[in-house]
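Geometric and topological summary
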Amino acid sequence: MYLALIVEDAPEMATIFAEILQMAGLATEVISNGQLAIAKLKEIVPAVVILDMHLPHVSGMDILKSIRADSRLALTKVIAVTADVLLIQDLEDLADLTLIKPVTFDQLSDLTTRLLPTQTSTESQ
Amino acid sequence: MSLRTKTFIIIGITLACLIAALYIVSQTILLRSYQQLETQSVQGDVQRGLNAVSDEETVMHATNHDWAHWDDAFQFMKDGNQVFLDANTNDSVFDTYQLNFMVFIDSAGKVTFQKGFDLVNTKEVPVPDGLKNALSVDGPLLKPVSADGKLNIDGVSGLITISEGAFIVASTPILPTNLQGQPIGSLVWGRLLDQREISSIASRTRLSIEMLPINDPNLPADYHIAESSITDSAPIDVTPLGADKVTGYTLLRDITNAPILIFRISSARSIYNQGQTSLSYFLIALLVLGVAFILVTLVLLERVILSRLAYLNTTVTKIRTSSDLDTRIAYSGKDELANLAKSINEMLGAMANAQNELLVARDQALEASQFKSQILANVSHDARTPLSVIKIRVEMLQKGIYGPLTDVQRKTLTSVTTNADQLLGFISNLLHEGQLESGKLRLLNAEFSPSDLMKTVENSMTPLANAKGLEVTTKIADDMPAIIYGDSERLSQILFNLVGNATKFTEQGRIGVKMSLPDPEHWAIEVSDTGLGIPLEAQDRIFEAFWQVDGTTTRTVNTGVGLGLSIVQQLTILMNGRVTVKSEIGSGSTFTVTLPLQHRTEEGDTARVLSVNR
C-alpha cells in the first residue's frame, strides 16, 4: 500500500485530504507542523507528499527543497497545494504537481492514478 | 543660436550701420567741401591765367602809350623822316617788345609806316592781311572812346581776331609829348597769341593753359559744354574731367567785348583725391576701431557675463543629470547673475525639502499600500482554506459518499455551492485587484482545453442564471483547437466575471458564451446577454473599478462590488488582448475578449499545473 504524507496545518483540510486519499486506497499520515514534517521525512519514505505551502514556522518551500535534496526520497511524488499564484512559477521545477486552492474532490481522488504506477510496489512501511 | 553669436551679430550689425552712416555722411560733407575747395582753387587758377594775359596787354599798352605821346613820333607822322624809322623800327625793337606788327596810321586811315615781324625766325615779314579790316577809321582801335563818349587819348589795348589768328593789340592816338592839339594818327602794335605766347604765359604762371577759338569747327566736346554753361554771373565754369583732372573754362573777349576764345586751365585733382584718400583712411580707421571694439566687447562680455552663464548652465545641468539637490552654485559679487545663482540655490534648497517631504509621503503611501496588499492576500488566503473545505464537503455529499440525498437536500447543497462560489469569486477578485494594482500578478502559460474551461464556467454559472430564470447557451467553434496555451485560471476568472456581470444585469432571456477563432492569430470569447444594455456614454467607464452603470455601488441588482469588469480588462491587457463591448439600451450587450493564440513558451512548463476551478 502506498503511503501518503499530508503536511497541512488546517485540521479540517488535512482530514479531507486523508479521507479522500484513503478512499483512493492509500495509507495516510497527517503532520500539521513543518519542523515535525522534516523530522518525519528522515524516518519514512512516502510515495506521495501532499504539501501545503503556507505553513507556520517552516515554509512549505523549505520542506520541498529538503525533500529534493534527499536522495532517499528520489521517487517520492510531491503535490504542492497553495492559494498563492505567485508561488506557482517557483514550484514548477520542484513539485510534481501543483494544486491551487480551492481544490476539488475529483482532483484529489484522481491523484493516485495520475502519479502512481498501479502495478509496482513501493518502499512504504 | 548662442548668446555669444547673438551678441556678436548685434554688435557687428550696429557697428556696420554706424560705420556706413558715418561714411555716407562724411563722404557727403567732406567730399563736397573738397569739391568746393577744388572749384575755388581752379577758379583762382583761371583768374591767374586771365591776369597773366591781361598783364601782357598792359605792359604792351604802357610802352605803346609812351611811344604815341612822344614828339619824335608826332614829328615822324608829319614828315616821315628816315632817322626816326631807322632808330625805332629796326628788328631789335620788335624782338625787345615781342611785337608781330607795328603800324603808324594817320587820322584819315592812311598807313604812314607798317612792318611785320616773325618772332620765331626773327626776320621781317609782311603785315598780316586781315589787319586791314581791323584798322577802319572809326573802329575801336583808331577811335578809342572813353566812358563819356569822347576820344580816349590814352588809347586801347586788348585782343582781336583776324583771319591770321588772335592777337594782343595796343593802340594809342599819336600826340606831342605835351599832349597839346589833335591826334595826328594812331600807333598800333600787335602780338600773335600763338602757342608760343600761350606757353610763355603758362610757364610764367605755372599753369596748364589752352586757348581755342570759339568758332573753331573742331572744338572738343568739353569746350562746347563749358561754353554753354558760362554765363555773365558765373563767368568761370569748373568741371572735373575724369578722376584725375579738373578743368576750368572762361571766355576771352576782344576789345569790342565779343567772346573770341575759350580759355581752359586744367590741373590735377590733388585736393579732391587727397580728400578721398583721407576718407579711405578714415574708413579703414573706423573699421579697425570697430573690430577692436567688437573684440574688446566680446572679451569683456565673455569675462563678465558669458563665462559665468556657461558655468551656471553647466552646474544646473550637472544638478539635473545627477539629481543631486544638495549641490550649490558658487557665486561672488552682487550683480544680477550672482542674484540668479543665489535664487537657484534657494530654489534647490526648497526643491530638496519638497523632495524629502515627497519621499517621506511616498514611503508612507507605499507602506500603507503594501500593508493593504498584505492584508488582502492574508484575508483571501485565510478565507480560501475554509471555503475549500466547505466546497469539498458539499461535493462529497452531492456525490453520495455519505449516503443518498433527498431532492430538497440536493437543492440545498446546490444553493450552498453557488453561494460558496460567489464568495470565492469575490475573494479572488479582491486578491487579484490587489495583485494587479501592485503589479505582482504573473501569468501562466500552460496547456488547457477550451472545452474544459467552457464546462467549468457552465457548471458554475448555470445554477446562478437558472435561479433567475435565465438560460445559458455555450458554443465552441469547430475550428477551435482542442488544446491551447494560457492561464486558464485567469481566463476562467474573466469568464466568471463576464457571465456574472451578464447574469447580474439580465432579468429575462438568455446568456450566450461562445469561443471562436476570428483569425489564425487570435481566439475570442464572446459573452452576450439580453439584458438592460449599456448607454453609449457609459461604455468607456464600465471598465473602471468600483463603477456601475447608475454610478453607484449599491447592490440593487445583484451582489458584487464593481470590480469585475475592471479585472476583466486588466487581465485581458496583461494577456496582450483586448476587451470590447457592443451594446444598445434594451437589446442587450455583447462583451468580446480577443486574445493572441499562445504557443508553448521556450522554457516550457515542466510541472503541469492543475488550475483548479472554483
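Next up on the list: the side chain of Thr250 of chain B. Residues and elements named next belong to chain B. Mapped onto the fold, Thr250 is located in strand S9 (residues 245–253). Residue class for Thr250 comes out buried when judged on its relative accessible area of 5%. At a separation of 2.8 Å, a polar atom in the side chain of Thr250 contacts the main-chain carbonyl oxygen of Pro235. Apart from residues no more than four positions distant in its own chain, Thr250 is found in contact with Val46, Leu50, Ile230, Pro235, Ile236, Leu261, Ile262 and Phe263.

Residue and element names in this part refer to chain B. Mean pLDDT over chain B: 85, with 92% of residues reaching 70 or higher. Note that residues 546–561 has pLDDT below 50 and, in this model, 26 contacts with residues that lie over four places away or in other chains. Across residues 601–614 the pLDDT falls below 50, and counting only partners more than four positions away or on other chains, this stretch makes 44 contacts in the model.

Attention now moves to the nonpolar core. Soluble globular proteins tend to bury their nonpolar side chains together. All names here are of chain B. Among the nonpolar cores identified, the biggest contains 45 residues, and Met102, Phe104, Ile174, Leu193, Ile209, Met211 and Phe263 are the most heavily contacted of them. For this core, the element with the highest residue contribution is helix H1 (residues 3–68), accounting for 8 residues. Leaving out residues up to four positions away in the same chain, Leu193 has contacts with Leu159, Ala166, Phe167, Ile168, Ile198, Ile201, Met211 and Leu261. Formed by 39 residues, the second largest nonpolar core is a distinct cluster that contains Val513, Trp523, Ala538 and Leu597.

Further remarks concern a nonpolar patch on the surface. Together, Met1, Phe8, Ile9 and Ile13 of chain B line one region of the surface with nonpolar side chains, adding up to about 420 Å² of accessible area. On the secondary structure map, Ile13 of chain B appears in helix H1.

Residue and element names in this part refer to chain B. The tally for this structure, following the rule as stated, stands at 13 aromatic pairs over all chains. Summarising the aromatic geometry, the rings of Trp67 and Trp189 are spaced 5.1 Å apart at their centres and angled 80 degrees between planes, so their arrangement reads as edge-to-face. Highlighted residues: Trp67 in helix H1 and Trp189 in strand S6 (residues 185–192), separated in sequence by 122 residues. Its relative accessible area of 9% is what places Trp67 among the buried residues. With a centroid separation of 5.9 Å and 85 degrees between ring planes, the pair formed by Phe84 and Phe104 is classed as edge-to-face. Of this pair, Phe84 sits in helix H3 (residues 82–88) while Phe104 sits in strand S1 (residues 101–106), placing them 20 residues apart in sequence. The exposure class of Phe104 is buried, given its relative accessible area of 0%.

Rules of the game
- Residues numbered from 1 in each chain as written.
- Chains lettered and ligands numbered in written order.
- Predicted model: local features only at pLDDT ≥ 70, side-chain atom pairs only at ≥ 80, totals over all residues.
- Heavy atoms only, no water.
- Helix = DSSP H or I, 4+ residues; strand = E, 2+ residues; numbered from the N terminus.
- Buried < 20%, exposed > 50% of the residue type's maximum accessible area, 1.4 Å probe, protein only.
- Polar contact = N/O pair within 3.5 Å; in protein donor to acceptor, adjacent residues only side chain to side chain.
- Contact = heavy atoms within 4.5 Å.
- pLDDT = per-residue confidence, 0-100.
- Core = buried A, V, L, I, M, F, W, Y, C linked by side-chain atoms within 4.5 Å.
- Patch = residues over 30% accessible without salt bridge, like charges linked within 9 Å, V, L, I, M, F, W, Y side chains within 5 Å.
- Areas by Shrake-Rupley, 256 points an atom, 1.4 Å probe, with all protein chains shown as cover.
- Salt bridge = Lys/Arg side-chain N within 4 Å of Asp/Glu carboxyl O.
- Phe/Tyr/Trp six-rings, centres within 6.5 Å; stacked < 30°, edge-to-face > 60°.

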